[in-house]
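# Descriptive structure summary
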Amino acid sequence: MKSLKIKITSILLLLPILLLNAQGVMKSVEGYSPEIGLMIYMLEDLKDRITEQVKDLDQSQIDFLYDDDANSIGSLIMHLVSTESYYQTATLEGREWTEDELARFGMAGELNKEIKNKLKGKPIQHYLDLWDEVREKTLEKLKTKDDNWFASDLEEGLNNHYIWYHVMEHSANHMGQIATIKNRLPE
């Protein structure tokens, strides 16, 4: 009887944890070919989760650097914008950035001290609005592609699917960095 009580208690304690961690079901987004639709689902899920982490931060939190080599949350969001814009232009439009696009999005492709200093003093909504703009264009352009395009090579050993997988994993990586920075914010 004691063993049964322990099992039931364990299940009751673990059930909320299991339910909280069951965030959803992977499904292809309607309006896209199946494989691209799955990638869209992942990209949108990560963007939503990152946005939720940062949307209420104040300016000091957005610009906070926990040491001289660290990136700020604002610079990381801008880096995500830059990365997506770059691959969007290269893979979906088959071209390089224009001068205007380079000026708007390219600065955060590489985060060095000079760039990090330029990416200060802007509210989080500035970065989120830029990300929304870039994502809207990504979603629009990916609707015109199919799974054959997704699997096609840009060059030997590198296909469009892998490029967009990289954009997705890049977001996941920086989502972890943002969480670390948030944990180190001064109280």
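Here, every reference points to the structure presented above.
The following refers to the structure shown. (Residues numbered from 1 in each chain as written. Predicted model: local features only at pLDDT ≥ 70, side-chain atom pairs only at ≥ 80, totals over all residues. Heavy atoms only, no water.)

### Quick look at the overall build of the protein
- Check the secondary structure of the protein and you find nine helices and two strands.
- Reading the protein from its N end, one meets helices and strands in the order α-α-α-α-α-α-α-α-β-β-α.
- Here the protein holds 187 residues, and 36% of them are scored as buried.
- Carbon and sulfur atoms form 53% of the exposed surface of the protein, whose accessible area is close to 11,200 Å². (Helix = DSSP H or I, 4+ residues; strand = E, 2+ residues; numbered from the N terminus. Buried < 20%, exposed > 50% of the residue type's maximum accessible area, 1.4 Å probe, protein only. Areas by Shrake-Rupley, 256 points an atom, 1.4 Å probe, with all protein chains shown as cover.)

### Looking at helix H9 (residues 160-183)
- With 24 residues, H9 extends 35 Å between its outermost C-alpha atoms, agreeing within 8% with the 34 Å of an ideal straight helix rising 1.5 Å per residue.
- Taken together, the buried positions of H9 are Asn160, Ile163, Trp164, Val167, Met168, His170, Ser171, His174, Met175, Ile178 and Ile181.
- In the core, the buried residues of H9 are packed alongside helix H2 (34-54), helix H4 (73-92), helix H7 (124-142), helix H8 (147-151), strand E1 (153-155) and strand E2 (158-159).
- With a side-chain oxygen positioned 3.3 Å from the backbone nitrogen of His161, the residue opening H9 is Asn159. (Expected span 1.5 Å × (residues − 1). Contact = heavy atoms within 4.5 Å. Polar contact = N/O pair within 3.5 Å; in protein donor to acceptor, adjacent residues only side chain to side chain.)

### Structural notes on the packing of H2 against H7
- Where H2 contacts H7, the two axes come as close as 12 Å, and the packing angle between them is 175°. Between H2 and H7, the crossing angle belongs to the class labelled roughly antiparallel. Residues Ile36, Ile40, Leu43, Glu44, Lys47, Ile50, Thr51 and Val54 of H2 touch H7, and the partners they reach there are Ile124, Leu128, Trp131, Asp132, Arg135, Leu139 and Leu142.
- Its residues assigned to classes, the contact of H2 with H7 comprises ten nonpolar, one polar and four charged. (Axes fitted to C-alpha atoms, helices over the stretch in contact; angles between N-to-C directions. Parallel < 35°, antiparallel > 145°, perpendicular 65-115°, else oblique. Nonpolar A, V, L, I, M, F, W, Y, C, P; charged D, E, K, R; others polar.)

### Overview of the packing of aromatic side chains
- Evaluated as defined, the whole model comprises four aromatic pairs.
- Pairing Tyr86 with Tyr87 gives two aromatic rings, centres 5.1 Å apart and planes at 80°, and the pair type is edge-to-face.
- Looking at Tyr86, the relative accessible area reads 35%, which means it is partly exposed.
- Taken together, a centroid distance of 6.2 Å and an interplanar angle of 20° make the contact between Trp149 and Phe150 stacked.
- Trp149 sits in the buried class, given a relative accessible area of 15%.
- For Phe150, a relative accessible area of 1% puts it in the buried group. (Phe/Tyr/Trp six-rings, centres within 6.5 Å; stacked < 30°, edge-to-face > 60°.)

### Notes on the side chain of Glu84
- Within the element layout of this structure, Glu84 appears in helix H4.
- With relative accessibility at 1%, the residue Glu84 sits in the buried group.
- Leave out the neighbours within four places in its chain, and Glu84 touches Trp131, Val134, Arg135, Thr138, Trp164 and Val167.

### A few points about the nonpolar core
- With 41 residues, the main nonpolar core has Val54, Ile73, Ile77, Ile124 and Trp164 as its most contacted residues.
- Top contributing element to this core by residue count: H7, with eight residues.
- Here Ile124 is in contact with Val54, Lys55, Leu57, Ile62, Ile73 and Ile77, once residues within four sequence places are set aside. (Core = buried A, V, L, I, M, F, W, Y, C linked by side-chain atoms within 4.5 Å.)

### A word on the environment of Leu185
- Assignment of secondary structure puts Leu185 in the segment after H9.
- Given the relative accessible area of 14%, Leu185 is considered buried.
- The sequence separation of Leu185 and Phe64 amounts to 121 residues, and the corresponding C-alpha distance is 7.2 Å.
- Sequence-distant contacts of Leu185, defined by excluding residues within four places in its chain, comprise Gln61 and Phe64.

### Here we look at the packing of H4 against H9
- Across the interface, H4 lies against H9 with an axial gap of 10 Å and an inter-helix angle of 175°. In terms of their interaxial angle, H4 and H9 are classed as roughly antiparallel. Contacts from Ile73, Leu76, Ile77, His79, Leu80, Thr83, Glu84, Tyr87, Gln88, Thr91 and Leu92 in H4 reach Asn160, Ile163, Trp164, His166, Val167, His170, Ser171, His174, Gln177, Ile178, Ile181 and Lys182 in H9.

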